[in-house]
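Chain by chain, the residues:
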Amino acid sequence: LLSGTPFDLIVDLAVGREAWVQAKGSKLLKGWHGKFLSFTMDDPLIEIHNLRQVFSAIWPMQWRRIWTRLWPFAPRYIVFANGLEVKPGRLEEVARLVDEGMKIVLDPSSPLPFSEEDVKRGFHIMKKRHAHGKVVITILD
């Protein structure tokens, strides 16, 4: 499914470091034009009891961000530490990108109906890292 022409942009909402390594190693991003946008930490479960653990949780992502800006041939790594904060104009920008032909790849099982069983199935697909695109739950018809 993920072969052929490399992507301009990959948005990571769930995986973290593994997704970056796979995207980079599989040439899924267009050289220095490609962008990898991450909204998640490298490890989704982080225990922080001291300053050293804070540093070890944050430093790898920040270093990736720095070196991809300095190295002209690497796809750009962008991390949003504040999560999915929606600011004025962001949704309009996403709508514009879709209108301009941005393709969103959906998992073949998507869209799933909004039921307890299917929502659990969607989370199971994401947890097992078996999704081949976005897992979508239909809330309204």
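For the structure given in this document, a descriptive report is provided here. Keep in mind it's a predicted model, so treat the numbers as computed, not measured. Residue numbering note: each chain is counted from 1, following its sequence as written. Only residues with pLDDT of at least 70 get local features here, since the model is predicted, and only at 80 or more are side-chain atom pairs given and counted; chain-wide, interface and lining totals rely on the full set of residues. Only hydrogens and water are set aside; all other atoms, that is, all heavy atoms of the structure, feed into the side-chain values.

**Details of the pattern of salt bridges**
Pairing between side chains becomes possible if they bear opposite charge and their charged atoms approach one another.
Here's step 1: Salt bridge criterion: a side-chain nitrogen from Lys or Arg within 4 Å of a carboxyl oxygen from Asp or Glu. Summed over the entire model, instances satisfying the criterion amount to three salt bridges.
Here's step 2: Here glutamate 116 and lysine 120 are joined by a salt bridge, their closest N and O atoms 3.1 Å apart. With glutamate 116 and lysine 120 both in helix α4 (residues 116-127) and four residues apart, the pair spans about one turn of that helix.
Here's step 3: Partly exposed residues are those whose accessible area sits between 20% and 50% of the maximum for their type, while under 20% is buried and over 50% is exposed, using a 1.4 Å probe and protein chains only. A relative accessible area of 60% places glutamate 116 in the exposed class.
Here's step 4: Residue classification places lysine 120 among the exposed residues on the basis of a relative accessible area of 53%.
Here's step 5: Where aspartate 118 meets arginine 121, a salt bridge forms, and the shortest distance between an N and an O atom there is 3.4 Å. Here aspartate 118 pairs with arginine 121, and both are found in helix α4, just three residues apart, close to one helical turn.
Here's step 6: Residue classification places aspartate 118 among the buried positions, given a relative accessible area of 12%.
Here's step 7: Residue arginine 121 is classed as partly exposed on the basis of its relative accessible area, which comes to 40%. Secondary structure follows DSSP: runs of H or I at least 4 residues long count as helices, runs of E at least 2 residues long count as strands, and numbering of each begins at the N terminus.

**A short note on the side chain of arginine 64**
Here's step 1: Within the element layout of this structure, arginine 64 appears in helix α2 (residues 51-70).
Here's step 2: In contact with arginine 64, not counting residues within four places along its chain, are Arg17, Trp20, Asp42 and Tyr77. Whether two residues are in contact is decided by their heavy atoms: any pair within 4.5 Å suffices.

**Looking at the environment of proline 60**
Here's step 1: Relative to the helices and strands, proline 60 is located in helix α2.
Here's step 2: Looking at proline 60, the relative accessible area reads 30%, which means it is partly exposed.
Here's step 3: In this structure the C-alpha to C-alpha distance between proline 60 and methionine 41, which are 19 residues apart in sequence, comes to 9.5 Å.
Here's step 4: Setting aside residues no more than four positions away along its own chain, proline 60 makes contact with Asp42 and Phe55.

**What about the packing of aromatic side chains?**
Here's step 1: To pair, rings of Phe, Tyr and Trp, with the six-membered ring standing in for Trp, must have centres within 6.5 Å; the planes then decide the type, stacked if under 30 degrees apart, edge-to-face if over 60, and tilted in the middle. Applying the stated criterion across every chain, the model contains five aromatic pairs.
Here's step 2: Ring centres of phenylalanine 36 and tyrosine 77 lie 5.7 Å apart, and the angle between their planes is 10°; this geometry places the pair in the stacked category. With phenylalanine 36 in strand β2 (residues 35-38) and tyrosine 77 in strand β3 (residues 76-79), this residue pair connects regions lying 41 residues apart in the sequence. A single burial state applies to phenylalanine 36 and to tyrosine 77, both of which are buried.
Here's step 3: With 5.8 Å between their ring centres and 10° between their planes, phenylalanine 55 and tryptophan 59 make a pair best called stacked. Of the two residues, phenylalanine 55 and tryptophan 59 both sit in helix α2, four residues apart, roughly one turn of that helix.
Here's step 4: Aromatic rings pair up to connect Trp20, Phe36 and Tyr77 into one cluster.
Here's step 5: For a ring to carry a charge above it, either NZ of a lysine or CZ of an arginine must fall within 6 Å of the ring centroid while also lying within 35 degrees of the normal to the ring plane. Positioned over the ring face of tyrosine 77 is arginine 64, at 5.0 Å from the centre of the ring.

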